[in-house]
Amino acid sequence: MEEPAPRHLSLPSRLLELCALLGASRDSLRGAEQVAQKKGVRNPSVDPEVLSVFVPPFVSKDESRAATADCTAPCKSRRRSFRKKKEKPRPEHWKGVAGDPEDVSIPNDVDLLALPQLCFPGGVCVASEPEEDRVHFLVLTDVCGNRTYSVVAQYYRPLHDEYCFYNGKAHWESSLQTVSMAGCFVPFAVCVISRYPYYNALKDCLSCLLTHLKLCKDFEVDDHIKEFAAKLSLIPSPPPGPLHLIFNMKPLQIVFPSRVDPESPIIDLDLHLPLLCFSPETVLQVLTCMLTEQRMVFFSSDWALLTLVAECFLVYLHPLQWQHTFVPILSGQMLDFIMAPTSFLMGCHLDHFEEVSEEADGLILINIDNGSVTCSKPLEDSVDIPDVPLLAAQTFIQRVQSLQLHQELDLAHCSSSTDLNEGHGRRHAWQQKLNGQIQQVTLQLLVNIFREVKNHLNYEHRVFNSEEFLKTRVPEDQQFYKQVLDTYMFHSFLKARLSRRMDAFAQMELSTQSEEDRINGMLISPRRPTIEKMALRGSSPLHVAHRRIVVSMPNLQDIATPEVQPRNSSLRKVDAVSCKGCSKAQNVAPKSSYTFKIPEIHFPLVTQCVDAYYTDFIELLSKAMSFLGPDSSALLARYFYLRGLIQLVQGRLLNALLDFQNLYKTDIRIFPADLVKRTVALMSAPERAKIEQTPELKRLINQVVDKPGEVAKVDDHVKNFELPKKHLQLDDFVKRVQESGIVKDTDIIHRLFDALAVGHQKQIDPETFRDFYNCWKEAEAEAQDVSLPSSVMERLDKNECVYKLSSSVKTTHGVGKIAMTQKRLFLLTEGRPGYVEISTFRNIEEVRNTTAVFLLLRIPTLKIKMVSKKEVFEANLKSECDLWHLMVKEMWAGKKLADDHKDPQYIQQALTTVLLMDAVVGTLQSSNAIYAASKLSYFDKMKNEMSVPKTTSETLKHKINPSAGETFPQAIDVLLYTPGHLDPAEKITDAHPKLWCALSEGKVVVFDASSWTIHQHCFKVGTAKLVSALHGPPFPFPSVIQRDCLKSVCI
């Protein structure tokens, strides 16, 4: 395709924002020398200043016209740099080169006034002998909270040679001054600022630069730094995914790693540093301080560790984000920052530890050098740091202790590397593997802490029932959760959960959930402990001690509980019996990653050389793409992204859009929609006309630019559940019940409204709602407290739950309590506890409500006739008889319809109905309570109308309900079946075939087609209607669908 004359644009995702040279000015050095001579001071201090600033672009039009065609010919180009103008050198020996320096544009988020003291946080001192090169790291935050990252390399230069450094210019010194300044070494700093936290990569780059700066003359320093900055400004940041970029900085091959996905941070630091500095218990303390948003100050004698350790802790919390002030390095002049009253995370040199501890109140002081965590004065009533929940802490400690943190042990069997880059590559590969393991351990910690939050969320109305959640925590953990639930960090976490965001937390939770939780995901009935869980908790000392703490009623807080072992006495010594869920750190095989070597950049940096670099870049990308197979779509997408980016910078807009169109069809997650919009806005009328002639581009522009899609503001509020304080009409009642988490189905709630409104006008008073809510929660508490003998549990299926227990009654099988599960009725005999099966719901033939005569009394009894038995079961249920009659008939009808329709959801809906009947009777406690409860009956009334033709019943194998858990039934727009076991990187347990159901408003439900349980519940991929890839635009599912192949689509 023919292109108009190229228009050079700036690289949108370049690594470099700014490069600066800092140090002491001539006057400061001269004054320091005079002080040293008069007072005999060996190492006088001077004030640092910004000497030169280099910002892209480094190619101007003037340079382009003046440059020769031969890019390899030596040429002196004008510096694209900023120099201080306030100093005017004296004419005698310090007269500078003629000509005014060129003005440059400084990025808005860089404060040049504060930069010197951050680059020299310990001050600038003239040394009598050269010191070792030092590197430290900065995080700069602007007023909008946007962060940029900086790596600073300090090095020393002598002042006794024939040149003296002054603002990047050469000055001739007299022999007298040379003698007087002999033995003086002055520190300078090179600061690189980037929008991306490439700590290790930029450190390696600066290390390569320092080898050149030490060998050059003073007047050559600016040229070397400019060449270095120009190289970095031409390197793009790699897109999220498996592709890393490599650049030859000589002598090192620099690796710029990509982030795993668009939601993940860039990890280019050693995540095991905190584990080398602190014990696992102390790491948990620091994480708790961050989760509770304390005022925290890190201390170390090494400036580099302050930022690196703090950044590691931020990564440990991902996807939770620290939203407060973050200044990992404070110079001596900035110590007053720690007096801020709000939450913050800062860092100071260890020399200031005593001063900060005495002057500031209520600070968490973290000493990296000795691995301790203390509080500043006053100790009492100031800071209360709770413990991490015990089981989560034990699991974390055990997994951290199983990590291999020392490369020497891991590489002891390897031969010695004789190549610098080979050894560097080994270290990088080992570090990437260890980083992945540490991220898995810390992410699992967060999942263990917050996994059960989802059980108290209402997604439709964005409600979190914090009070009920806290009541389900054991007493030792409640203080921790009370403090965490009140933080901005947790509030943002709730927003993400209520929006069903599939971030790292959600993916880990999904991959580690038990089969029981997976099955519960598709149940619309209230959750109860299964027989399997009862058996496990029976052997747990913690649960025996605190079994009743899950009860939701306020007066149950007074229940006495046995004493448990103190928590902090032996966290490191994990008992194997009490920590059955603990395991070693998962040996997670790192995902396949690939590298792409960026072409060499030729100098002088003029337009022809830059064009040659970009042309080589595109050719290498195209060559790499030609070798890819059909199963490398993820890698192909990254090549499309990079090639489109480079062609955009070259001004080849149409070619760039074609690459972005291919990217849109390959991996929409990394599609740069904003960049495409800006590109289209820059195009001329003839170029827009060419787009109209290209169907692929025309469709792309129509979808991305002309129809931007989701322009409405996303509702991300979070409400806390509260009981109503005024009368409720039907609509308000539906909303309140859904918010409470009791039931979501609108039709069921309408029947519940009719039941509770019996004898009243069509409204529910707040007292009735409160009584109903309390009855429901009491029933939940009783169900959690059910404990069956092992001999009884052996007779039941492991996934059965006890939903209702009667009082002790006389039956034809003896005295005992009638128990109801989702499958059967059985008698729990008294005296010597035993199990007597009454009947499965499938085996029931008739249910009658009669009376038995005892002396002069007529006692209500329930009779159940079975298909396979001649004898009739009879129970003297007395006042409970009418309720049990309603419940058994509803369950019987629900089971029959579930069998006929091959739909297990019917039995779950029947369970919900009978539990609502029980709560309604407990709420009303009047003569018409049974009549009110009967209004909830549904399957018993509809069983004759919902019959299934014989042919259908014989053909139908299994029926699923994608609308389970929704407020009302929804139509299915698309069905997609994907076979499993295609990606060897997937775990076998997660490689089952799947059925994708696209509902309205962009909702998708994924079923495990091997068990027909819900694999992933109702995530969103937009708001538009989804269509088939065979009949419309590309299927906009997330990456998981790209790992499967399309087998069949039904519309």
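Preceding block: the structure.
1. Overview of the overall build of the protein
Logical step 1: Scanning the protein from terminus to terminus reveals 36 helices and 34 strands.
Logical step 2: The contacts in the protein between residues at least 6 apart in sequence include a share of 67% that link residues at least 24 apart.
Logical step 3: As displayed, the protein has an accessible area near 48700 Å², and 52% of this comes from carbon and sulfur atoms.

2. Description of helix α8 (residues 280-291)
Logical step 1: In this model α8 runs 16 Å from its N-terminal to its C-terminal C-alpha over 12 residues, within 8% of the 16 Å that 1.5 Å per residue would give.
Logical step 2: Judged by how many residues are buried, α8 sits mostly within the fold: 11 of 12 residues are covered.
Logical step 3: When α8 is considered as a whole, its buried residues turn out to be Pro280, Glu281, Thr282, Val283, Leu284, Val286, Leu287, Thr288, Cys289, Met290 and Leu291.
Logical step 4: A positive phi of about 55° marks Glu293, the residue just after α8.

3. Observations concerning the sheet that holds strand β15 (residues 344-349)
Logical step 1: Spatial strand order, β14-β15-β13-β16-β17: 5 strands in an open sheet with mixed pairing. Each edge of the sheet is formed by a strand with only one pairing partner; in this case those strands are β14 (325-327) and β17 (372-375). Taking the axes of each pair of neighbouring strands and ignoring which way they run, one obtains an average angle of 20° across the sheet.
Logical step 2: Of the pairings in the sheet, the one linking strand β16 (residues 364-367) to β17 comprises 4 bridges and is antiparallel in character. Residue pairing across strands places Leu365 opposite Thr374, the latter belonging to β17.
Logical step 3: Where α8 meets the sheet, its contacts fall on β13 (295-300), β15, β16 and β17, and the angle it forms with β13 comes to roughly 140°.
Logical step 4: Contacts between helix α9 (residues 303-316) and the sheet are confined to β13, β14 and β15, with β13 contributing the most and set at about 140° to the helix.

4. Observations concerning the nonpolar core
Logical step 1: Counting residues in each nonpolar core, the largest one holds 198 residues, and the members touching the most others are Leu232, Phe256, Phe298, Phe313 and Phe450.
Logical step 2: With 12 residues, α9 is the largest single contributor of residues to this core.
Logical step 3: Setting aside residues no more than four positions away along its own chain, Leu232 makes contact with Leu15, Leu16, Val192, Leu202, Cys205, Met249 and Phe256.

5. Digging into the sheet that holds strand β11 (residues 243-248)
Logical step 1: Taken together, the 3 strands give an open sheet; going across it, the order is β12-β11-β20, and neighbouring strands pair in mixed fashion. Whereas interior strands pair on both sides, the edge strands pair on one side only; in this sheet they are β12 (253-256) and β20 (594-597). Direction aside, neighbouring strands of the sheet carry axes that sit 30° apart on average.
Logical step 2: Contacting β11 and β20, helix α22 (residues 633-649) runs over the sheet at an angle of about 50° to β11.

6. Topic: the environment of Ala779
Logical step 1: By the element assignment, Ala779 lies in helix α29 (residues 766-784).
Logical step 2: Since its relative accessible area comes to 22%, Ala779 is described here as partly exposed.

7. Overview of the packing of helix α31 (residues 881-901) against helix α32 (residues 905-924)
Logical step 1: In contact at an axis separation of 8 Å, α31 and α32 are set at 170° when each is read in the N-to-C sense. Taken together, the axes of α31 and α32 are roughly antiparallel relative to one another. The way α31 lies across α32 gives a crossing that is right-handed. Across from Leu883, Leu886, Met887, Glu890, Met891, Gly894, Lys895, Leu897, Ala898 and His901 in α31, the residues of α32 making contact are Tyr906, Ile907, Ala910, Leu911, Thr913, Val914, Met917, Asp918 and Val921.
Logical step 2: Across the contact of α31 with α32, the residue classes tally to 13 nonpolar, 3 polar and 3 charged.

8. As for the packing of aromatic side chains
Logical step 1: Within the structure shown, the criterion is met by 28 aromatic pairs.
Logical step 2: Look at Phe493 and Phe505: their rings are 4.9 Å apart centre to centre, the planes differ by 85°, and that puts the pair in the edge-to-face class. Placement of the pair is Phe493 in helix α16 (residues 488-498) and Phe505 in helix α17 (residues 504-512), with a sequence separation of 12 residues. When sorted by exposure, Phe493 lands in the same class as Phe505, which is buried.
Logical step 3: Ring centres 6.0 Å apart and planes at 65° place the aromatic pair Phe596 and Tyr639 in the edge-to-face group. With a gap of 43 residues between them, Phe596 in strand β20 and Tyr639 in helix α22 connect regions that are remote in the sequence.
Logical step 4: Residue Tyr639 is classed as buried on the basis of its relative accessible area of 5%.
Logical step 5: The structure contains a cluster of three or more aromatic residues connected by ring pairs, namely Phe450, Phe464, Phe469, Phe480, Tyr481, Phe490, Phe493 and Phe505.

9. Here we look at α16
Logical step 1: Those residues of α16 lying buried are Met489, Phe490, Phe493, Leu494, Ala496, Arg497 and Leu498.
Logical step 2: Buried residues along α16 sit against α8, α13 (420-450), β18 (457-458), β19 (463-464), α15 (475-484) and α17.
Logical step 3: Phi turns positive, to about 55°, at Arg500, one or two residues after α16.

10. Observations regarding the packing of helix α23 (residues 653-666) against helix α25 (residues 685-693)
Helix-helix packing is characterised by the crossing angle of the two axes and by the distance between the axes.
Logical step 1: One way to put it is that α23 packs onto α25 with a least axis distance of 11 Å and a crossing angle of 35°. The hand of the α23/α25 crossing is right-handed. Packed against α23, whose contacting residues are Leu653, Leu654 and Leu657, the element α25 presents Glu687, Lys690 and Ile691 at the interface.
Logical step 2: The residue makeup of the contact of α23 with α25, split by class, is 4 nonpolar, no polar and 2 charged.

Scoring rules and cut-offs
- Residues numbered from 1 in each chain as written.
- Predicted model: local features only at pLDDT ≥ 70, side-chain atom pairs only at ≥ 80, totals over all residues.
- Heavy atoms only, no water.
- Helix = DSSP H or I, 4+ residues; strand = E, 2+ residues; numbered from the N terminus.
- Contact = heavy atoms within 4.5 Å.
- Areas by Shrake-Rupley, 256 points an atom, 1.4 Å probe, with all protein chains shown as cover.
- Expected span 1.5 Å × (residues − 1).
- Buried < 20%, exposed > 50% of the residue type's maximum accessible area, 1.4 Å probe, protein only.
- Pairing = 2+ DSSP bridges.
- Axes fitted to C-alpha atoms, helices over the stretch in contact; angles between N-to-C directions.
- Core = buried A, V, L, I, M, F, W, Y, C linked by side-chain atoms within 4.5 Å.
- Parallel < 35°, antiparallel > 145°, perpendicular 65-115°, else oblique.
- Left-handed = near helix turned anticlockwise from the far one by under 90°.
- Nonpolar A, V, L, I, M, F, W, Y, C, P; charged D, E, K, R; others polar.
- Phe/Tyr/Trp six-rings, centres within 6.5 Å; stacked < 30°, edge-to-face > 60°.

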